[in-house]
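# Remarks on the overall topology
The residues making up each chain are set out below.
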Amino acid sequence: MARPTPGHSSVRKHRISFIESRGPGAMSDTTSGNSDASNSDAVFETVAELFSLLSTPIRLRIIGALCNQEKNVSQLLSEIDTTQPNMSQHLSTLYRAGVLGKRREGTQIYYRLESERVATLCRAVCTQVAIELDSPTGVDRSDRLLLRSAH
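These numbers were taken from a predicted model, which means no experiment stands behind them. (Residues numbered from 1 in each chain as written. Predicted model: local features only at pLDDT ≥ 70, side-chain atom pairs only at ≥ 80, totals over all residues. Heavy atoms only, no water.)

### Points about the overall build of the protein chain
Broken down by element type, the protein chain carries six helices and five strands. Per-residue burial for the protein chain yields a buried fraction of 23% across its 151 residues. For the protein chain, restricting intrachain contacts to residue pairs at least 6 apart in sequence, the fraction spanning at least 24 positions comes to 41%. (Helix = DSSP H or I, 4+ residues; strand = E, 2+ residues; numbered from the N terminus. Buried < 20%, exposed > 50% of the residue type's maximum accessible area, 1.4 Å probe, protein only. Contact = heavy atoms within 4.5 Å.)

### So, helix H6 (residues 116–134)
For an α-helix the count is 3.6 residues per turn, leaving residues at separations of three or four pointing the same way. When the terminal C-alpha atoms of H6 are compared, their 26 Å separation across 19 residues agrees well with the 27 Å that a helix rising 1.5 Å per residue should span. Taken together, the buried positions of H6 are Val118, Ala119, Cys122 and Glu132. Considered in projection along H6, the buried side chains sweep an arc of 165° and stay on one side of the axis. Set apart from the buried face of H6 by more than 90 degrees, the exposed residues are Arg117 and Asp134. (Expected span 1.5 Å × (residues − 1). Arc of directions from axis to C-beta.)

### Thoughts on the packing of aromatic side chains
Scanning the model with the defined rule gives zero aromatic pairs in all. The ring of Tyr95 has Lys102 lying over it, and the distance from NZ or CZ to the ring centre is 4.3 Å. Sitting above the plane of the Tyr110 ring, Arg103 keeps its charged end 4.6 Å from the centroid. (Phe/Tyr/Trp six-rings, centres within 6.5 Å; stacked < 30°, edge-to-face > 60°. Lys NZ or Arg CZ within 6 Å of the ring centre and 35° of its normal.)

### A few points about the environment of Leu113
With respect to the helices and strands, the residue Leu113 is situated in strand S5 (residues 108–113). For Leu113, a relative accessible area of 16% gives the class buried. Leaving out residues up to four positions away in the same chain, Leu113 has contacts with Ile63, Leu66, Cys67, Val99, Leu100 and Ala119.

### Quick word on the sheet that holds strand S4 (residues 100–105)
Pairing is antiparallel across the open sheet formed by three strands, whose spatial order is S3-S5-S4. Both outer strands of the open sheet, strand S3 (71–72) and S4, are each paired with one neighbouring strand and no more. With two bridges joining them, S3 and S5 adopt antiparallel strand pairing. Of the residues in S5, the one forming a bridge with Lys71 is Tyr111. (Pairing = 2+ DSSP bridges.)

In structure tokens form, the structure reads like this:
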């Protein structure tokens, strides 16, 4: 099946608008009508699940390590400072979510990225945060992802 294009009906079905601020404490939904509410709820819930999946630094490191080629657990452990059981747990979570694929070769299991879009999302966010951390005053406030440090 072909991927939907921006004008495709499945994309329009899940089209959402973000909530706009109308002054202190006042929020209004910019979608028209209540029929979009259940669709936007499903979109926000799905996005929250994705962000939850990506909210662990080790999972971002795993995705980064697999961006260019598949690797086995030993190779990943040589690049990422963690224990083998912890690595296996995170690999399993990413595999079950469909972000990673795997194949067996003898006694080794090789992992690869199945979702280039997830890698692109991670790369974009990590690059932006690195720029902001390298030059805290060099990035205009309106161009920052986070206005304050989370730490």
